[in-house]
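Below are the chains, spelled out letter by letter.
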Amino acid sequence: MTEFWIWLSRTLGAGAKIGDLISYFGSPLDMYEAGSKEWRISGLLTAKQIESLKQFSPSQSMEIYKICEKNRWHIVTPSSAFYPFSLMELPDMPAALFVEGDCSVLKSRINIAFVGTRKASEYSKNIARSLSYEISRAGAVIVSGGAVGIDSASHEGALAAKGKTVAVLGCGLGTDYLPENAALRSEIAKNGALVSEFLPFTPASKTTFPIRNRIISGMSAGTVVIEAGAKSGSLITANLALSQGREVFAVPGDLTSSSYTGTNNLIRDGCIPVFSAEDIVRPYRFVYPEFRLRENEEKPVFENKEKKIEKKKTTDIKKSDENKTVNKRTDVPLSPNAKKVYDVFGNEPLHIDEITEKSSLSPAQVLAAMTELELLGLVKLENGRKYKII
């Protein structure tokens, strides 16, 4: 049966309404045997698609078999035990997935997608690493797109947690896209899988990425958006997730920065705001009771340049005006506003209004800074809108 799925993939291309065709014909074999007359009668195919279907036969799939066998790539079709069940619900489900790595990871019970801008701030990348680390430790497979920025940070967090991660590519396997990420892709393949709907060696283009986004959201129970402008491509994934009936989460950002307009708008429109990893886990606690955070576990510090993980160190800093000792983690990379807010803390909890007054920042800037500090595990919210250093 695999050769018939590849025939559909090769002739109709990525993003075709394969699910609708299978619902009508029953199987790719039945569709092939029905012939061009029935294809036209179905009304599901254009004249161009029918001509393409007639141009190739399933037997010609052997060349793709050989390429995959030579490179140790797997071909996963809807007939395979490893095909993600959630993708079979899509009208445009992929006819074939080409996989480098562990196919079994595609059958994980709970996948969480992380998406966001490629030109991410250090703040957002730290948040992506921290959240994906905790969510991976909680038992989920982290799904992203293998690109630079938020994608890379999310994969890195999962790898640091010794968890599984999946990169859904916007090009075919074997394509030298983003050579600077080659080492990361290699690690993903060893600890999860590289997945593509496109035939091997298909180059990336401006059209391939929007097409693949439905797979990222479709195979995931929820999608987390971190730093997205008003026209960010990650919003395509978020909207696809909503249309597919999945949860969408968004990390709030600086209200005065256009870099966070997309994520802030998602929250305004009803998506779930993320202030901690618990916000991502909470909606699934009854459906996936095994998906839960590990309590009392110290978070790592992610070194951006060297991409190393180190345990947070605690440094005693004396506050001369209070003559008391305050434990502050000074080795955590922070945005300028977060550092300014962090420095106003002493031993006692501070109300959000006090923080705003002492930092001389706007309420919006303080909100964004406090979100960063919370997600990095540096402060916690207590009763009465008061925050305390951890």
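Everything below is about the structure shown above.
Residues numbered from 1 in each chain as written. Predicted model: local features only at pLDDT ≥ 70, side-chain atom pairs only at ≥ 80, totals over all residues. Heavy atoms only, no water.

Enquirer: Where do I start with the overall build of the protein chain in this structure?
Expert: Along the backbone of the protein chain there are 15 helices and 16 strands. With 390 residues in all, the protein chain has 52% of them scored as buried. Considering only contacts in the protein chain between residues 6 or more positions apart, those separated by 24 or more positions represent 67%. (Helix = DSSP H or I, 4+ residues; strand = E, 2+ residues; numbered from the N terminus. Buried < 20%, exposed > 50% of the residue type's maximum accessible area, 1.4 Å probe, protein only. Contact = heavy atoms within 4.5 Å.)

Enquirer: I keep staring at the pattern of salt bridges and nothing clicks. Help me out?
Expert: In a structure, side chains of opposite charge can pair up when their charged atoms sit close to one another. Enumeration according to the criterion identifies 13 salt bridges in this entry. Between arginine 129 and glutamate 156 there is a salt bridge whose closest N-O contact spans 2.7 Å. In this pair, arginine 129 is assigned in helix α6 (residues 122-137) and glutamate 156 in helix α7 (residues 150-160), connecting sequence segments 27 residues apart. Accessibility classification places arginine 129 together with glutamate 156 in one group, the buried group. Notably, a salt bridge pairs glutamate 187 with lysine 190, separated by 3.8 Å at the nearest N-O pair. Taken as a pair, glutamate 187 and lysine 190 lie in helix α8 (residues 182-190) at a separation of three residues, close to a single helical turn. For glutamate 187, a relative accessible area of 34% corresponds to the partly exposed category. Residue lysine 190 is classed as exposed on the basis of its relative accessible area, which comes to 60%. Connected via shared salt-bridge partners are Asp92, Glu197 and Arg214. (Salt bridge = Lys/Arg side-chain N within 4 Å of Asp/Glu carboxyl O.)

Enquirer: Would you explain helix α1 (residues 2-12) in this entry?
Expert: Residues spaced three or four apart along an α-helix face the same direction, because each turn holds 3.6 residues. Where burial is concerned, most of α1 is hidden: eight out of the eleven residues are buried. Of all the positions in α1, only Phe4, Trp5, Ile6, Trp7, Leu8, Ser9, Thr11 and Leu12 are classed as buried. Summarising the contacts, the buried residues of α1 are in contact with α2 (18-25), α3 (28-42), α4 (47-55), α5 (62-71) and β1 (74-76). One or two steps after α1, the chain reaches glycine 13, where phi turns positive at roughly 85°.

Enquirer: Mind showing me how you'd approach α7 here?
Expert: Extensive coverage of α7 is indicated by the burial of nine of its eleven residues. Those residues of α7 that sit buried are Ile150, Asp151, Ser152, Ala153, Ser154, His155, Glu156, Gly157 and Ala158. One or two positions beyond α7, positive phi appears at lysine 162, with a value near 60°.

Enquirer: Explain unusual backbone geometry here, please?
Expert: A negative phi angle characterises most non-glycine residues, just as the trans form characterises most peptide bonds. Unusually for a residue other than glycine, arginine 72 sits at a positive phi of about 60°. Topologically, arginine 72 is positioned in the loop between α5 and β1. Positive phi, close to 60°, is recorded for lysine 162, a residue that is not glycine. On the secondary structure map, lysine 162 appears in the loop between α7 and β5 (165-168).

Enquirer: I tried to follow the packing of α2 against α3 on my own but got confused; where do I start?
Expert: Pairs of packed helices are described in terms of their axes, by the angle between the two and the distance that separates them. Direction vectors running N to C along α2 and α3 enclose 95°, while the axes themselves pass 10 Å from each other. Regarding the angle of α2 to α3, the classification is roughly perpendicular. For the pair α2 and α3, the contacting residues are Leu21, Ile22, Tyr24 and Phe25 in the first and Pro28, Asp30, Met31, Ala34, Glu38, Trp39, Ile41 and Ser42 in the second. Partitioned by chemical class, the residues of the contact of α2 with α3 number nine nonpolar, one polar and two charged. (Axes fitted to C-alpha atoms, helices over the stretch in contact; angles between N-to-C directions. Parallel < 35°, antiparallel > 145°, perpendicular 65-115°, else oblique. Nonpolar A, V, L, I, M, F, W, Y, C, P; charged D, E, K, R; others polar.)

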